[in-house]
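Observations on the model geometry
Read off the chains here:
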Amino acid sequence: MKDYSAIIDKRVLELPKVDLHRHLEGSIRLETMVEVVREASLPLPEDIESLRRLVQVVDGDPKEPALFLSKFTNIRLFFHSPEIIQRITVEAVEDAARDQVRYLELRFTPAALAQSGVFDMEDVTRWVIDAAAEAASAHGIEVGLIVSVNRHESLEIAEEAARIAVDHIHNGIVGLDLAGDEVEFPAQPFQSILASAKQAGLGLTIHAGEWTGAENVRHAILELGADRIGHGIRILDDPQVVSLARARGIPFEVSIDSNYLTGGIPSLSAHPLPQMIQAGLQTVLTTDDPSIFGTTLSLEYQHAVDHLGLSLESLKGFVLTAVQAAFLDPLRISQLESEFVSLLWRS
Ligand SMILES: [Zn+2]
């Protein structure tokens, strides 16, 4: 995790936070990657700056979804052993805790960690569950895990990953996520898989309206039963979809750097978060892929202040909305709400 303390307000750094949208595969420390390249003799450069270009979005990269998604092809090479998978999980939780995240929903893609068949998706899921639980208790942070499936991968993979998620519903898994290439691959084929997982009690979050229009957000809410939307920034293209999401109180997991660096918006200051808030939508700030985008949750909060004109006080609202939108049972949400209210307004 980069040290941004010089450019982030101390009050933002110290704010107790919640992150509901963070991918494990996008959270690996660059220094850890260098060590793994050396130790496992991976076919990747050992030099940190050469490696950075292959696994992070860097200056000069075209800001487009395909280039961003291509970084994951290299990242998949790192999941070389159970120890490495457990190490990156522990470090991802530790980095969140250091950024004052008190409740984290960390999502992981079993098919990515299994390196398309080298490991069993069931086994990698257990490794992540065990490592996350260990790190959570070591760092005083609560962690819920979300299983992520890609719409550009097969239905068979999604079906198996969803089954594994349901099997571990009382063992750390709280939700299911549909991610991946929204431009080329429709979500509709995944409908019955998502419906069964939701029926079994998992929360459902769907990446939609990130790179394509509001229609995907409408579809995610009405046809797929999304409890939350990943990004959804293109919703403003259609006032009817805005009304729908507002009426249902659907939370939007917003990531400013991610949207800028993958080409969803032309600049940080062009992010539509203020308009989404103005339209009465529920919004929370999240990191998405902190390592790939070189960000932290504190930095995302600081962007909202510096580039979008939001007040420091309004940041507390994102934290509370995130608590209310967590994939936890209502009793635990109300306990967390009380804890966060006293932490946020203690002075
Ligand atoms: Zn995401």
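Please refer to the structure placed before this passage.
Residues numbered from 1 in each chain as written. Predicted model: local features only at pLDDT ≥ 70, side-chain atom pairs only at ≥ 80, totals over all residues. Heavy atoms only, no water.

**Overview of the overall build of the chain**
- When you go through the chain residue by residue, the secondary structure sums to 17 helices and eight strands.
- Whereas a compact globule of 347 residues would reach a radius of gyration of roughly 20 Å, the chain reaches 19 Å, a difference of no more than 12%.
- In the chain, the share of contacts with a sequence separation of at least 24, taken over all contacts with a separation of at least 6, comes to 74%.
- Looking at the chain as shown, the accessible area adds up to about 13,700 Å², and 50% of this sits on carbon and sulfur atoms.
- For the chain, the separation between the mean place of its 28 positive charges and that of its 51 negative charges on side chains is 5 Å. (Helix = DSSP H or I, 4+ residues; strand = E, 2+ residues; numbered from the N terminus. Rg over C-alpha atoms; globule rule 2.2 N^0.38 Å. Contact = heavy atoms within 4.5 Å. Areas by Shrake-Rupley, 256 points an atom, 1.4 Å probe, with all protein chains shown as cover. Lys, Arg positive; Asp, Glu negative; His and termini not counted. Charge placed at Lys NZ, Arg CZ, Asp CG, Glu CD.)

**Concerning the coordination of the zinc ion**
- For the zinc ion, the protein coordination sphere consists of H21 (NE2), H23 (NE2), H207 (NE2) and D288 (OD), at 2.1 to 2.2 Å.
- What makes D288 buried here is its relative accessible area of 2%. (Donors = N, O, S within 2.8 Å, 3.2 Å for Na, K, Ca; no water. Buried < 20%, exposed > 50% of the residue type's maximum accessible area, 1.4 Å probe, protein only.)

**Re the pattern of salt bridges**
- All told, the structure shown has 25 salt bridges when counted by the stated rule.
- When the shortest N-O distance is used, the salt bridge between R332 and E142 registers 2.6 Å. Within this pair, whereas R332 is found in helix α17 (residues 330-344), its partner E142 is found in strand β3 (residues 142-150), the two being separated by 190 residues in sequence.
- Taking the relative accessible area as the measure of exposure, E142 reaches 24% and is therefore partly exposed.
- Of the charged contacts, one joins R332 and E339 as a salt bridge, the two residues approaching to 3.6 Å between their closest N and O atoms.
- One salt-bridge network, in which partners are shared between bridges, spans R29, E35, R87, E91, E94, D95 and R98. (Salt bridge = Lys/Arg side-chain N within 4 Å of Asp/Glu carboxyl O.)

**Observations regarding the sheet that holds β3**
- One open sheet accounts for eight strands, arranged β1-β2-β3-β4-β5-β6-β7-β8; its pairing is parallel. Each edge of the sheet is formed by a strand with only one pairing partner; in this case those strands are β1 (17-23) and β8 (282-285). Strand-to-strand, the axes of this sheet are offset by a mean angle of 25°, without reference to chain direction.
- Here strand β4 (residues 173-179) pairs with strand β5 (residues 203-208) via four bridges, running parallel. The partner of D177 across the bridge, within β5, is T205.
- Along the sheet face, helix α5 (residues 82-98) touches β1, β2 (101-108) and β3 and points at about 150° away from the line of β2.
- Strands β1, β6 (228-231), β7 (251-254) and β8 of the sheet are contacted by helix α16 (residues 312-325), whose axis makes an angle of about 105° with β8. (Pairing = 2+ DSSP bridges. Axes fitted to C-alpha atoms, helices over the stretch in contact; angles between N-to-C directions.)

**Remarks on the pairing of β7**
- A two-sided burial pattern is seen for β7, the buried positions comprising P251 and E253 on one face and F252 and V254 on the other.
- Looking at chain direction, β6 and β7 are connected through two bridges and run parallel. Within β7, the residue paired with G230 across the bridge is E253.
- Note that the unit made of β6, helix α11 (residues 239-248) and β7 has a crossover that is right-handed.
- Inspection of the sheet shows β7 paired to β8 by four bridges, in the parallel sense. Across the sheet, the residue bridging to E253 is V284, located in β8. (Right-handed = clockwise from strand over helix to strand, strands pointing away.)

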